[in-house]
Amino acid sequence: MSDLTPIIIINAGRSGSQFIVRMLQECNNSIEINHEFNLLKFKPELVKYNFYKNQQSKIKLLNKFNEYYIKKIINKDHWIDSSYVLTDTLLIKTLAENFPELRIIHLVRHGELVVSSWYNKLNEEIYEEKAINKLISGLEKKTLFPPIEKKYYWNIESNRGITEKSFIKLSQFEKICLHWKKSILTGIEAYKLVKKGNYIQIRLEDLVSKENVKNQLTGFIFEGCKLVNKKVNMKPHNINMKKQFFLTDDQLQSFSKICSKELNLLGYKPGSHKKIIY
């Protein structure tokens, strides 16, 4: 065990993760703050484990995670990492076992905005049909695994090492909705894996608009630190396409079918994303 108190910011991606890193750096630039640290060093093994769910794949994953994550941070004085890939129960449990004072920030954003951003702005990076077919072929031991690139490695729903037929039938957009749903459920339950008081959930919409939420976040991380608006740029950071896409009626229906319960759990209303301006 280590005396280090790492802080991880878990999220579903496209939820303000780079923005929050930059915001915290401006608040206190003396502490190392990372974004998706060594993600591709262990994510392929995580995807394989979540597909096979056997002891062999678990050992391989934990060995990779220990080598490329735990050992890299164990001697640090401070550690903050904002990463969607850490939104996984096994990884959080492993971190908590090594670092008993682990703290979690669950960063969320309106799901309609998240899936729209993934689908319309980074379409080729997540659940793209050809890339996912190559991954499934590798997982089912029909071909070699694809190269270690972000677009190839996303969780695949399976049963005893075989891809679920219902998952295969989903469209790319529906698979992205399922990714958001699973991430939110894992993030909500993560409070059970750390000590009482070591978990908070922050809505991006509140973070960019409410002073008390900014201070709640920075107080959780930097004791006694107050975030001052004039010193911190609160504009979104990771915008690779300066255009806001709205979901079609068919997409809204698909999202609601898959994610309505989780949207409600976070206190969001369907369709309200059209009223949110950053």
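Predicted model, so just to flag it, every value in this text is computed and none were measured.

Conventions used here
- Residues numbered from 1 in each chain as written.
- Predicted model: local features only at pLDDT ≥ 70, side-chain atom pairs only at ≥ 80, totals over all residues.
- Heavy atoms only, no water.
- Helix = DSSP H or I, 4+ residues; strand = E, 2+ residues; numbered from the N terminus.
- Buried < 20%, exposed > 50% of the residue type's maximum accessible area, 1.4 Å probe, protein only.
- Contact = heavy atoms within 4.5 Å.
- Core = buried A, V, L, I, M, F, W, Y, C linked by side-chain atoms within 4.5 Å.
- Salt bridge = Lys/Arg side-chain N within 4 Å of Asp/Glu carboxyl O.

(A) Here's a closer look at the overall build of the protein chain. Each helix and strand in the protein chain was counted, giving 11 helices and seven strands. Across the 278 residues in the protein chain, those meeting the buried criterion constitute 52%. Long-range pairs, those at least 24 residues apart, make up 78% of the contacts in the protein chain between residues at least 6 apart in sequence.

(B) Expanded view of unusual backbone geometry. With phi around 55 degrees, Glu36 is a residue other than glycine that occupies positive phi space. On the secondary structure map, Glu36 appears in the loop between β2 (33–35) and α2 (39–52). In this structure, Lys141 is a non-glycine residue whose phi angle is positive, near 60 degrees. Mapping Lys141 onto the fold places it in the loop between α6 (129–139) and β5 (158–159).

(C) Region of interest: the environment of Phe246. Here Phe246 lies in the loop between α10 (211–221) and α11 (249–265). Overall, Phe246 belongs to the partly exposed group, its relative accessible area being 43%. Separated by 25 residues in sequence, Phe246 and Gly271 place their C-alpha atoms 9.5 Å apart.

(D) Examining the nonpolar core more closely. One finds Ile8, Tyr69, Leu86, Ile104, Ile156 and Trp180 to be the most contacted residues of the largest nonpolar core, which totals 63 residues. By residue number, the principal contributor to this core is α2, which donates seven residues. Setting aside residues up to four positions removed in sequence, Ile104 forms contacts with Ile8, Ile10, Ile92, Ala190, Val194, Asn198, Tyr199, Ile200 and Phe220. Membership of the second largest hydrophobic core comes to 22 residues, among which are Ile7, Val21, Ile80 and Leu217.

(E) Quick peek at the pattern of salt bridges. Summed over all chains, the structure comprises 12 salt bridges. Glu157 is paired through a salt bridge with Lys182; the nearest N and O atoms lie 3.4 Å apart. Of the two residues, Glu157 sits in the loop between α6 and β5 while Lys182 sits in helix α8 (residues 172–189), which places them 25 residues apart along the sequence. Taking the relative accessible area as the measure of exposure, Lys182 reaches 40% and is therefore partly exposed. Here Asp206 ties to Lys210 by a salt bridge, and the two come within 3.4 Å at their closest N and O atoms. Judged by its relative accessible area of 15%, Asp206 is buried.

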